[in-house]
Structures are given as structure tokens and as C-alpha cells.
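# Fold and geometry: a report
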Amino acid sequence: MRLWLLFSIAYPLLVAAAIGLGSVFPGDEGHFLETSRLFAQKLSWEWIRTYPEMSGPLPFLVFAGWGSVFGWSLPVMRTCSLLIGAVAMFVAGLVFRDAKQPLWAAGLLGLNPYWAAMTVFVYTDMLTVLCALLAYRMAVQQRAVLYALAMAGALVSRQYLVYMALAVALWFAWRRAWPMVAATLAAMLPLGALVLLWGALAPASNVRGMYLAGGFQFHTGALVGYIGVLFVFLMPWLIWRKPTWSWWPLALGFAIYWISPVRTSPPSLAAGILTTGLLDRALHLIMPAQFGRDLFWAVCFGAGLSLLWSWRQRRTELAVITVLCFLAVMPVSYLYWEKYLLPVLPLAALVCSRPVESRG
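Residues numbered from 1 in each chain as written. Predicted model: local features only at pLDDT ≥ 70, side-chain atom pairs only at ≥ 80, totals over all residues. Heavy atoms only, no water.

Looking at the secondary structure, you find phenylalanine 326 in helix α20 (residues 318–329). Considered as a pair, phenylalanine 326 and arginine 293 are 33 residues apart in the sequence and their alpha carbons are 24 Å apart. Excluding anything up to four places from it in sequence, phenylalanine 326 contacts Tyr163, Tyr226, Pro331, Tyr340, Leu341 and Val344. (Helix = DSSP H or I, 4+ residues; strand = E, 2+ residues; numbered from the N terminus. Contact = heavy atoms within 4.5 Å.)

Further remarks concern the nonpolar core. Counting 126 residues, the largest nonpolar core has Met151, Met164, Leu234, Trp237 and Trp311 as the members making the most contacts within it. Those residues within four positions of leucine 234 in sequence are excluded, and the remaining contacts are Leu307, Trp311, Leu345, Ala348, Ala349 and Cys352. (Core = buried A, V, L, I, M, F, W, Y, C linked by side-chain atoms within 4.5 Å. Buried < 20%, exposed > 50% of the residue type's maximum accessible area, 1.4 Å probe, protein only.)

Looking now at the side chain of threonine 322. Within the secondary structure, threonine 322 is located in helix α20. The residues contacting threonine 322, other than those within four sequence positions of it, are Tyr163, Met164, Ala167, Val344 and Leu347.

Turning our eyes to something else, we now look at unusual backbone geometry. At lysine 100, a residue that is not glycine, the phi angle is positive and equals roughly 60 degrees. Turning to its location among the elements, lysine 100 is positioned in the loop between α5 (74–98) and α6 (103–107). One non-glycine residue, lysine 242, lies in the positive phi region at around 50 degrees. Mapped onto the secondary structure, lysine 242 falls in the loop between α15 (235–241) and α16 (247–256).

All right, on to helix α18 (residues 278–286) then. Considered for burial, the residues of α18 that qualify are Leu279, Asp280 and Leu283. When α18 is viewed along its axis, its buried side chains cluster within an angular range of 95 degrees and face the same direction. Lining the buried residues of α18 we find α14 (220–233) and α19 (290–310). (Arc of directions from axis to C-beta.)

It is worth spelling out the pattern of salt bridges at this point. Scanning the entire structure with this criterion turns up ten salt bridges. Overlapping salt bridges bring together Arg97, Asp98 and Arg137 as one network. (Salt bridge = Lys/Arg side-chain N within 4 Å of Asp/Glu carboxyl O.)

So, on to the side chain of threonine 128. Its place among the elements puts threonine 128 in helix α8 (residues 125–140). By relative accessible area, threonine 128 is classed as buried at 0%. Setting aside chain neighbours within four positions, we find threonine 128 in contact with Ala154, Ser157, Arg158, Leu161 and Pro343.

When two helices pack together, their arrangement is captured by the angle between the axes and the distance separating the axes. Their axes nearest at 9 Å, the elements α5 and α8 cross at an angle of 25 degrees. With respect to their mutual orientation, α5 and α8 come out roughly parallel. The way α5 lies across α8 gives a crossing that is left-handed. Contact residues: Ile84, Gly85, Val87, Ala88, Val91, Ala92, Leu94, Val95, Arg97 and Asp98 in α5; Met126, Leu127, Leu130, Leu133, Leu134, Tyr136 and Arg137 in α8. (Axes fitted to C-alpha atoms, helices over the stretch in contact; angles between N-to-C directions. Parallel < 35°, antiparallel > 145°, perpendicular 65-115°, else oblique. Left-handed = near helix turned anticlockwise from the far one by under 90°.)

Attention shifts here to the packing of aromatic side chains. Scanning all chains against the criterion turns up 27 aromatic pairs. Summarising the aromatic geometry, the rings of tyrosine 160 and tyrosine 340 are spaced 5.1 Å apart at their centres and angled 45 degrees between planes, so their arrangement reads as tilted. With a gap of 180 residues between them, tyrosine 160 in the loop between α9 (144–155) and α10 (162–174) and tyrosine 340 in the loop between α20 and α21 (345–353) connect regions that are remote in the sequence. Note on accessibility: tyrosine 160 and tyrosine 340 belong to one class, buried. Following the ring pairs from residue to residue traces out a cluster consisting of Phe25, Phe32, Phe39, Trp47, Tyr51, Phe60, Phe121, Tyr123 and Trp198. (Phe/Tyr/Trp six-rings, centres within 6.5 Å; stacked < 30°, edge-to-face > 60°.)

At a closest axis distance of 8 Å, the pairing of helix α2 (residues 29–42) and helix α4 (residues 58–70) adopts a crossing angle of 75 degrees. Viewed along their axes, α2 and α4 adopt a mutual orientation that is roughly perpendicular. Along the contact surface, α2 presents Phe32, Thr35, Ser36, Phe39 and Ala40, while α4 presents Phe60, Leu61, Phe63, Ala64 and Ser68. Taken together, the residues of the contact of α2 with α4 break down into seven nonpolar, three polar and no charged. (Nonpolar A, V, L, I, M, F, W, Y, C, P; charged D, E, K, R; others polar.)

A grouping of Trp248, Leu252, Ile256, Ile259 and Trp309 is seen on the molecular surface, where their side chains present a nonpolar patch of about 530 Å² in accessible area. Within the fold, isoleucine 256 resides in helix α16. By relative accessible area, isoleucine 256 is classed as partly exposed at 35%. (Patch = residues over 30% accessible without salt bridge, like charges linked within 9 Å, V, L, I, M, F, W, Y side chains within 5 Å. Areas by Shrake-Rupley, 256 points an atom, 1.4 Å probe, with all protein chains shown as cover.)

Turning next to the environment of valine 344. Within the secondary structure layout, valine 344 lies in the loop between α20 and α21. Among the residues examined, valine 344 registers a relative accessible area of 0% and is labelled buried. In this structure the C-alpha to C-alpha distance between valine 344 and phenylalanine 172, which are 172 residues apart in sequence, comes to 19 Å. Contacts of valine 344, omitting those with residues within four sequence positions, involve Tyr163, Thr322, Val323 and Phe326.

Set out below in C-alpha cells:
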């Protein structure tokens, strides 16, 4: 584990050297920094009720505490992200080690551009990933109190992590391990209190009105997109393990893709964002024609369905159930975005890493 610890420390430093701690990039980092600064200045129940973001308050509280102690310059704030990223990578290695998989298989997570970017930039994603990994590990070990704390942290970082709480509750309810089911319910209490305070699933601000004006509905295009992106993101582990493919799900997915193709969410379009993330942005550069991009997504969706079908013998594993709960819950979100796969990616990679006979 000493070598893994060194890798976990070296990886964020190498990414930071490549990106630059002081280089300003477009995106959400600017307003995340401003919100964190306001958390340090204006912290109160009214501020928590109305702060102008859609995600939970825990990452902003962490960044606010860091900035208050060490300063608010961009390099200093990104150092906090580096520390979170290092711990997240280390815990990912523990999850893979617990499953008797090589640590380097966890290291493949670092190839994902979102994992690299969120390790450096002042975003809310990597703290969510860290809490999710801790929650999964504590759930598998049935350490109820630690699991409840980690799961609560994940939920008050990003509300959509309710898919993991649902997966754990279903997994342990099937096994009649009621203390872990109770721990899941306890973990949801802080988010429940926030929802009562907000009067909705996000703070009562103009930002909520802009994004949630259309309410909630199931977006089949988002489901198609997440299955396709999941296949692409899992390529490093698929190349390693070379799973057995079934051709009929691939053909079926290619055929039905055209009923509900991948498209940018209306709130993103309203904000002037024309793509669904880094992969889609690259596709727009490589394939300017919509038909070419649709062909790519149709193949990826079919391959993703074939991959999920290959997991049918492992449907009782917690990692598999978590991925399926993600696919059931996330299309209800107001926004389809590739990086929302990040918290579930280590678990999907773990499923791909283990041979079929390895269960748990």
C-alpha cells in the first residue's frame, strides 16, 4: 500500500503540473469559488436556504473553511482540491484491494479526463466521489455508523447520490440486514432537513427557478446517453478484461437509439451550452454533422446495453445494483451531463475488473 499511497499523492501533483494551479479556465469554477467565499462571510440558516447553487452545501463549507484559514487565491484553493483528489484515489484503491483486484486497475480511473480535472479544479464533484467511495466501502463491510456518515456526506454534497442510498437499502433489505437499512434512512435525514428548509430539492434561489421551471420528468434521451457514455468511460477496463459480448443487445440498442437520440438538455441550451460534456464537445469538433454523432452514440448505446446484459449473472452485487439505480434515477434530473457518471464510475470499473466468478 505504500506504493499506492505514493501514487495517490503523485497523481494529483502531476495533473496540477500539467494544468497549472494558477491557470484560469472557463466553467463553473468561478462561481463555485464565489459561493464558497460567501459561505465564509454570510453563513446562516437563511444563507443555507437561499445560496445560489443547485448542489448541496458540504463542498462549499469545506472550501469556505479552507479559504478562511489559508487564503482565497486560486492556487491555494486548488490545493484543497488536490488533497481531496489524493484521498479519493487512495480510497478507490482500497475498494479495489478489498475486492481482490490489482491496485493499478484503480489507477486507470486517473485516465478519465473528468477525474483529472475534478482533482485540480475547485468543483464539488470530487468530494462527492470521495464520500460515495467511503459509503460503498463501509456498506460492504457493514459498518453502519461510518456508512451512515459517509452516505450523509455524499447526499449533502450532491442530492442525486440518492441512487446509491437506494441501492444499499435494496441490497440489505433483500438480505434482511435491517441495521444497514436503518443506517441508510439515518443517512438521508440531513438531506431531508435541507429539503424541508429549501422547500424543494435545491436552495430557494433564482438559479433553482431557472433550472427547475419545467419540473421533473423521465428523459429517455438521458438514459440512452448515460448508457453510451458508461461504455466509453469503461474502455480501459474492457480492453483489459475483454468481456464476452452479445450481439442482439447491440443491434437492438442501435435500432431503438433513433427513437430518443442524445441531445443537450433544454436548461443547458438556455444557458448557451450546446454540448453534454467533454466527450460530446470532442465529437462536435470531429463530426460537425449531427448524423455522424448520432451514429457514434447509437453504436455506444448498443455496446452499453450489451455490457449491461453481460452483468446479468452478477445482478445481486452491490456495485451492479448501484449502477442500475443510477440509470433509473439520473434520467429524472433536469440536466443530462456526462460528468454525473463520475461517482459511479469506480464501481462500474470494479464490476468490469472482476471475473464473473468473483461475487460480492
